[in-house]
Amino acid sequence: MSVKHYIGLDVHKKSVSYCVKRGDGQIVEEGKLPATREALRQWALERNEPWQAAMEATLFSGWIYDTLQPYASQLQMGHPAMMKAIAASKKKNDRLDARRIADLVRCDLLPACYVAPTQIRELRRLLRYRNLVVRQAVRQKNKIAGLLMEVGASYNKRRLHGAKYFHELLEGLEEVPPSVKDLLRLSRGALQMFEVTQRQLLGRLRNDSRLAQRVRLLSSIPGVGEVTALTWALEVGEHERFGSIAHAVSYCGLTSALRASAERQQRTPLSKQRNVHLQTVLIEAAKLAPRWNEQLAAVHARELERGHRNRATLVVARKLVAYLLAVDKSRQPFQMRSPVVEATPSDQAA
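Please read these numbers as outputs of a predicted model, since none were measured by experiment. (Residues numbered from 1 in each chain as written. Predicted model: local features only at pLDDT ≥ 70, side-chain atom pairs only at ≥ 80, totals over all residues. Heavy atoms only, no water.)

### Thoughts on helix α2 (residues 61–68)
Listed in full, the buried residues belonging to α2 are Ser-61, Ile-64, Tyr-65, Thr-67 and Leu-68. Down the axis of α2, the smallest arc covering the buried residues is 165°, so these residues share one side. On its buried side, α2 packs onto β1 (5–11), β2 (15–21), α1 (37–45), β4 (51–56), β5 (74–78) and α5 (118–150). (Buried < 20%, exposed > 50% of the residue type's maximum accessible area, 1.4 Å probe, protein only. Helix = DSSP H or I, 4+ residues; strand = E, 2+ residues; numbered from the N terminus. Arc of directions from axis to C-beta. Contact = heavy atoms within 4.5 Å.)

### Looking at the environment of Arg-22
Mapped onto the fold, Arg-22 is located in the loop between β2 and β3 (27–34). Considered as a pair, Arg-22 and Phe-194 are 172 residues apart in the sequence and their alpha carbons are 53 Å apart.

### Some points on the pattern of salt bridges
One pass over the structure, following the stated rule, counts 18 salt bridges. A salt bridge links Lys-4 to Glu-49; the nearest nitrogen and oxygen atoms lie 3.8 Å apart. Linking Lys-4 in the segment before β1 with Glu-49 in the loop between α1 and β4, this pair joins segments that are 45 residues apart in sequence. Since its relative accessible area comes to 30%, Glu-49 is described here as partly exposed. Here Glu-303 and Arg-306 are joined by a salt bridge, their closest N and O atoms 3.2 Å apart. By relative accessible area, Arg-306 is classed as partly exposed at 31%. Beyond isolated ion pairs, a larger network of salt bridges with shared partners links Lys-21, Asp-103 and Arg-106. (Salt bridge = Lys/Arg side-chain N within 4 Å of Asp/Glu carboxyl O.)

### Digging into the packing of aromatic side chains
A ring pair, where both rings are aromatic, is described by two values, the distance of the centres and the angle of the planes. What the rule picks out here adds up to four aromatic pairs. Ring geometry for Tyr-18 against Trp-43: centres 5.2 Å apart, planes inclined by 55°, an arrangement best described as tilted. Highlighted residues: Tyr-18 in strand β2 and Trp-43 in helix α1, separated in sequence by 25 residues. Taken as a pair, Tyr-18 and Trp-43 share a single burial class, namely buried. An aromatic cluster is present here, built from Tyr-18, Trp-43 and Trp-51 joined pairwise through their rings. Positioned above the aromatic ring of Phe-166 is the side chain of Arg-188, whose terminal nitrogen or guanidinium carbon lies 5.7 Å from the ring centre. Just above the ring of Tyr-251 sits the side chain of Arg-241; from NZ or CZ to the centre is 4.5 Å. (Phe/Tyr/Trp six-rings, centres within 6.5 Å; stacked < 30°, edge-to-face > 60°. Lys NZ or Arg CZ within 6 Å of the ring centre and 35° of its normal.)

Structure (structure tokens):
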């Protein structure tokens, strides 16, 4: 079935502007729809010709994509940053944006981005919410410690967040304003709620049959824990999207941006165009992984000898990406294929 209509969709919270064009660029129809599933399905059913459409990836794009995808010959999402560079203009409104997106689709110039399967996006939402809850729990722990320091109360840092110790500490506080004790009780209650919530969310992810086998294989890498494996599996989605390790490393935000002009090249700090969730987890994992992985320990030690602690962590994180991608592609448990190689004088001088 050949595509005859090319459609640009400019999506917003309450409305969706659209423009339908033929292959020669002639506008067939344009207008605006309410952003509801019923209205979008009705509009899609009224299409009499095979159509291909695209929209910019935004907070609202996911459910709109899922609603329209069954009716389209092809439906794509455009990379927001790249689309701004292509369609930069002095005059901008919803109608013109829909026209430009239709032209990008019609001319096959749309900078399309990867759209994960629906089930992966659902599980990814749970994992990201769990990470948010963990961050909130850390903030509550810091707040509890801060309240105690404000009133000059001494406490055991290692045992502070244990239920029994906290209760004993609270009962033994003297010359402490009642308001501080109330705030400590409220903070402790919030912390317990956060801990229960994150355990429940992690349990749901752990018990999902679609993830269990993949996470088990990824966790076979020494230094890769359950949360790191889950984050890789859900944030990456389908590993086939990466043609090389360098591509995966760039996606994870572990490489610097390159600026080249004429024969001059310049490396800038780590690029801001990355998956921030993967970057955070991999950096944290890289700080601990050398304790359980001899190869990573050797890499880390070699970089430390050069005097770059942060760079050593970054190199270990890149190596973890290579391991994770290799296990994903082979679908086999991780095996160390080469012995640990000590750093040579020539390596140190490089």
